[in-house]
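Residue-level structural notes
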Amino acid sequence: MAFYRTREGAVTAADSFTALDSLYGQSTTASVQVPSGASQIVGIIAAVSQDSATGGTSTFAMQLSGDGLSSGQETLCIGSATNIGTEVSNGTTNMPFSLDVAIPVVGSNQVSIAVAMDTDLGTAAASVTLVFA
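This report concerns the structure included in the present document. (Residues numbered from 1 in each chain as written. Predicted model: local features only at pLDDT ≥ 70, side-chain atom pairs only at ≥ 80, totals over all residues. Heavy atoms only, no water.)

1. Some words on the overall build of the protein
To keep things clear, this is the line we draw: Numbering goes from the N terminus for both helices and strands, where a helix is a DSSP run of H or I of at least four residues and a strand is a run of E of at least two. Atoms counted for the radius of gyration: C-alpha only. Globule rule: 2.2 Å times residue count to the power 0.38. Categorising residues by exposure relies on relative accessible area from a 1.4 Å probe, with only protein chains included: less than 20% of the type maximum marks a residue as buried, more than 50% marks it as exposed, and the intermediate range marks it as partly exposed. Only heavy atoms enter the contact rule, under which two residues are in contact if any of them lie within 4.5 Å. The protein chains shown are the only cover counted for residues, whose accessible areas, like all others here, come from Shrake-Rupley with a 1.4 Å probe.
What the protein contains, in helices and strands, is zero helices and nine strands. In the protein, the succession of α and β elements from N to C terminus is β-β-β-β-β-β-β-β-β. Taking 133 residues into account, the globule formula puts the C-alpha radius of gyration at 14 Å, and the protein, at 15 Å, falls close to it. Along the longest, intermediate and shortest principal axes, the C-alpha atoms of the protein span 50 × 30 × 20 Å. Expressed as a percentage of its 133 residues, the buried residues of the protein come to 35%. Nonlocal contacts in the protein, meaning residues at least 24 apart in sequence, comprise 79% of its contacts between residues at least 6 apart. When the accessible area of the protein is evaluated, it comes to approximately 6900 Å², of which 51% is carbon and sulfur surface.

2. Some remarks on the pairing of strand 9 (residues 124–132)
The condition is simple: Strands were regarded as paired on the criterion that DSSP finds at least two bridges between them.
Here strand 9 lies mainly inside the structure; eight of its nine residues are buried. When strand 1 (residues 3–11) meets strand 9, the two strands line up antiparallel, connected through nine bridges. For Phe3, the partnering residue across the bridge sits in strand 9 and is Phe132. Where strand 4 (residues 40–50) and strand 9 come together, nine bridges link them in antiparallel fashion.

3. Some remarks on the sheet that holds strand 4
Note the threshold: Between N-to-C directions, angles span 0 to 180 degrees; the directions come from axes that are lines fitted to C-alpha atoms, helices contributing only their stretch in contact.
Within the open sheet, the four strands sit side by side as 1-9-4-7. Their pairing is antiparallel. Single-partner strands in this sheet number two, and they are strand 1 and strand 7 (97–104). Neighbouring strand axes in the sheet, compared pairwise and without regard to direction, differ in orientation by 20° on average. Strand direction decides the pairing type here: strand 4 and strand 7, joined by six bridges, are antiparallel. Its bridge partner lying in strand 7, Gly43 is registered against Asp100.

So, in structure tokens, the structure goes:
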């Protein structure tokens with residue numbers, strides 16, 4: 001059986017990981033509790049967006065940390081963006097990125113999710129779902 005845990009939030013600055021500690025307005029803890037029967041994270045579903053306020057290119061990375069990870073910390077690339085000049089009303093909808101992984105976890109402990117961009121492209125946001133089994 002798979003268990004899904006999601007967190008989302010703003011990505012606020014270049015070269016600085018920002019904790020994703022929200023769940024679309026619902027009351028929740030900042031970190032994700034590893035389900036008691038889970039032994040690993042088997043999938044990651046991630047989406048990033050930004051408002052194209054600044055011209056440039058950027059990559060986005062997700063960092064997992066906490067006592068719920070056997071390895072202590074994992075950092076993975078989850079997206080990129082390119083802005084040519086300052087765009088106006090050029091909105092798009094992007095499909096989430098999905099990755100199969102095998103990251104060992106400790107049941108009932110905590111995993112924090114953070115995201116960073118390497119170049120400031122303006123206002124950015126991210127959503128990450130961890131799939132446990």
